[in-house]
Amino acid sequence: MGPGQAALTSECDHTFHVRCVNGRAGCPACHARWSETPAVASAAAPANPFSFASPPAPSQPSATGLFGHVPPPPPATTNSFAFSSSPAFQTSVFGSSSAQTSSSPFSFNFPGAQTSSSQSFGGSLFGPQPPFCSVCSSFICRGQAAVTSECNHTFHLRCISGGTCPVCRAVWRDVVSMQLTPSPPFNAFSRPPQWSPFERHASSSFGTFNDDEPVEIPVDGRDNAVQEPGHNGVLVLKTHCEHPAVARDAAHENFVVMVNAKAPLAVAGAAARAPLDIVTVLDVSGSMSGHKLQLLKQAMGFVIDNLSSADRLSVVTFSTNARRITGLTRMSDAGKAIAKGAVESLYVESATNIGDGLRVAAEVLDGRRQRNSVASIILLSDGQDTFNFGDRINLVPHSLRIGAGNRGSPIHTFGFGMDHDAAAMHAIAEATSGTFSFIQNEAVVQDSFAQCIGGLLSVAVQEARLAVECLHPSVRIRAVKSGHYESSVGDDSRVASVYFGMMYAEEERRILLFLSVPVAAGDGGEDGGVTRLIKVSCNYRNAATRLLVNVAGEEEAVVQRPVVVAADTEPSVEVARERFRVEAAEDIAAAQAAAERGDHAEAARILDRRQEASAAAGLAGDARCAALVAELREMSARVASRREYEQTGRACLLAGISSHAQQRASTVQLFGSAVPGLGAPPSYGGGAGVGACAGFGGPSMFGAPAPGVSCPSPFGALPPIPSCGAPASSFVSGAPAPSFGSGFRTRAMEDMVELSRKRREQQGPFGPN
């Protein structure tokens, strides 16, 4: 391209003479469809590109230096995105020259660059800034069509229309404008690919990627039902009756039986567990600039380090557009190096398009040629989606949703900071059987990722379905309390089933069955003075071996039928505790609904009444219930006012709903407690300087608590009041926030969080010390 020739850099990062692509709706190089069609017409009269229609405006620089025009600095109201880059081309005094290749995978070139050589960009906080469009006063980012004019100034294609330069008033030979490309029927190239130097330019068919790296060990396809020998490594089923006895001449219409299903222990060694396909979908919008992005990079580095060569990872980012940074790659030494290099190259851009990020993630998983037995998506966002409005469920591609026979892939969502859309993140997780976590304390995002990865790397059970069968001919199943899990009761109310799906090693599921128990027949009682209630069984697939397993409950559920029930007969603490938890979960959902209506006083009353109910249920001295009461107290304080609810309460309640509905640990990382005078209930650690970080699924309450995980700031001592704008009166200096849903965290999760804590202690804010 010679001097004085206008050049277009397209949305897919290819560079052409503007005249050569006049009226084109797609790229001649890669066939990607563009959303903006360039239009060029000859000027009314021949003009020299360096003649001027009028003197340049005093406020706009008119000089073009040796290396082209230097864009003016952004106004004070514009965020400076130090990590942004844009389509790969350069400008010099001789015009626009293509730079489609780079000598280093970490090298990026910028339009309007002030040097003719490549500018190195490796994710440094102080890397070069992208060019600046003087028309719209914003940066020109990747995925945005840009025009370098005949007078060597650069603009968004959509921002110019005419034959005169808005900066220097030079009259151009060509009149340049933009037209929106009409939407055609869906085809393979309906989405412009957003490639990076790390992205393999593999073909994509039917909207999916099909270039995943082969799995390490091909699936052997064994599908025969096999009962594994012994009890080691097999899911265990137990039943607990609400009361050990019911009077012989009394009927009970809502007799509660709890079924407890516990997944087998984790097996040591990566070769003994199910390999993982994971796609991380990361927000790189403008609000992620600065230390947020650096903390995210460190957290991703931790995730990559803890994957094995059998696991595969793909990194997707989204801002205005989504792009796949790396394909689904095995985490061998070479694969980890590629993934880390890609993560270090991340930069921030402008808007937030969560829906596009999830669509690309779905394309990655849907297009796999080979599949590891476990697949999941991790989504992190710190902002509101600016492209998708209306029903939040529309953010989730159909292939990822649960329902209509589709089991999808879980999306575990992480709301980062206090400006994210907690309702949207919760809806995405709920639609896919994922968990929603809230990270107010940004410094410990790595610990939240660690807990999630610890679970995913310990998946022991898949496709688990619990079957319940009534034994006595007059016993009936009236209701099943299974939370989020799909349940069904037969037409005759004598059989029921619950679909658990995936379970992590040592994870538990507790289901409450409400039974109708008849009067016992005969003077001696039925079956020697007992009524046989139900028997349970479960079939599932071993995630590591892919073998089908059938297990039966250790014993049938039976109830004694004496003539008179002894006054000192103790009810089951296990059932009472679970019933209280289920009712508390229902109250959390009711309080959240009341707060959404603006009735914050009623929301607080609902949670306060549930706290008082623990004593009436005879659970005042129970450690698990005490932790749950502390959780309810914290939530009550965070819904009591509109401001507190908008800042932290909504996210806390939705994370609690997510965790309790699935009986799976999510996390809530807080700066401190909102409850004045709160003591020190079981917590996820004591935060030096920034209060404590609490977690749904914090230290296990079914055994020894996990070692305390402190939350030191990597930026030195911080005041106890967060800088995020929360009211100072909301946080108690030095008071730890309570542990939320602490019974759900497994040993594998605890171990991974402890490993993350040790890693953080060795790292400063920008890497290892």
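Throughout this document, residue positions are counted from 1 along each chain, in the order its sequence is written. The predicted nature of this model means local features are confined to residues of pLDDT at least 70 and side-chain atom pairs, given and counted, to a pLDDT of 80 or more, with totals for whole chains, interfaces and linings taken over all residues. The basis for every side-chain value is the complete set of non-hydrogen atoms in the structure, without hydrogens or water.

A. Geometry of the packing of helix α1 (residues 291–305) against helix α10 (residues 747–762). Helix axes are fitted to C-alpha atoms over the stretch in contact, other axes to C-alpha atoms as well, and angles between N-to-C directions run from 0 to 180 degrees. Numbering goes from the N terminus for both helices and strands, where a helix is a DSSP run of H or I of at least four residues and a strand is a run of E of at least two. Where α1 contacts α10, the two axes come as close as 11 Å, and the packing angle between them is 130°. When the interaxial angle is binned, α1 and α10 end up oblique. The two elements α1 and α10 meet at a crossing, and its hand is right-handed. Of the residues in α10, those in contact with Gly301, Phe302 and Asp305 of α1 are Met752, Leu755, Ser756 and Arg759. Should an angle lie under 35 degrees it is considered roughly parallel, over 145 roughly antiparallel, and from 65 to 115 roughly perpendicular; all remaining angles are considered oblique. Two helices crossing with the near one rotated counterclockwise from the far one by less than a right angle form a left-handed crossing, whereas a clockwise rotation gives a right-handed crossing. What makes two residues a contact is simply this: any of their non-hydrogen atoms within 4.5 Å.

B. Structural view of the packing of aromatic side chains. Between 30 and 60 degrees the pair is tilted, below 30 it is stacked and above 60 it is edge-to-face, where a pair is any two Phe, Tyr or Trp rings, Trp via its six-membered ring, whose centres lie within 6.5 Å. All chains considered together, the criterion is met by three aromatic pairs. Where phenylalanine 414 meets phenylalanine 449, the ring centres are 5.0 Å apart and the plane angle is 65°; that geometry is what we call edge-to-face. In this pair, phenylalanine 414 sits in strand β22 (residues 411–416) while phenylalanine 449 sits in helix α5 (residues 445–456), placing the two residues 35 residues apart along the sequence. Here phenylalanine 414 matches phenylalanine 449 in class, with each residue buried. Think of it in three bands: with a 1.4 Å probe and only protein chains considered, a residue is buried below 20% of the maximum accessible area for its type, exposed above 50%, and partly exposed in between.

C. Spatial organisation of the pattern of salt bridges. Throughout this description, the term salt bridge denotes a Lys or Arg side-chain nitrogen within 4 Å of a carboxyl oxygen of Asp or Glu. Overall, the coordinates contain 41 salt bridges when judged by the stated rule. Residue aspartate 277 is joined to arginine 312 by a salt bridge in which the shortest nitrogen-to-oxygen separation is 2.8 Å. Here aspartate 277, found in strand β18 (residues 276–283), pairs with arginine 312, found in strand β19 (residues 312–318); they are 35 residues apart in sequence, far enough to count as distant. For aspartate 277, a relative accessible area of 0% translates into the label buried. The salt bridge partner of arginine 759 is aspartate 305, with a shortest N-O separation of 3.0 Å. Placement of the pair is arginine 759 in helix α10 and aspartate 305 in helix α1, with a sequence separation of 454 residues. Given the relative accessible area of 23%, arginine 759 is considered partly exposed. Residue classification places aspartate 305 among the partly exposed residues on the basis of a relative accessible area of 30%. Taken together, the shared-partner salt bridges in this structure form one network comprising Asp212, Asp277, Arg312, Arg368 and Arg369.

D. The arrangement of the sheet that holds strand β20 (residues 322–330) in detail. Pairing between strands requires that DSSP locate at least two bridges from one strand to the other. Within the open sheet, the seven strands sit side by side as β20-β19-β18-β21-β22-β23-β32. Their pairing is mixed. The two strands at the open ends of the sheet, each matched to only one other strand, are β20 and β32 (668–669). Sheet topology note: the β18/β19 ladder contains seven bridges and is parallel. Counted as the bridge partner of aspartate 283 is phenylalanine 318 from β19. Against the sheet, helix α4 (residues 422–431) engages β21 (374–381), β22 and β23 (436–439), with an angle of about 170° to β22. Most of the contacts of α5 go to β21, to which it runs at about 165°, and overall it touches β18, β21, β22, β23 and β32.

E. Structural detail: unusual backbone geometry. One non-glycine residue, arginine 169, lies in positive phi territory at about 65°. For arginine 169, the location among the structural elements is in the loop between β12 (162–164) and β13 (171–180). Using a relative accessible area of 29% as the deciding quantity, one classes arginine 169 as partly exposed.

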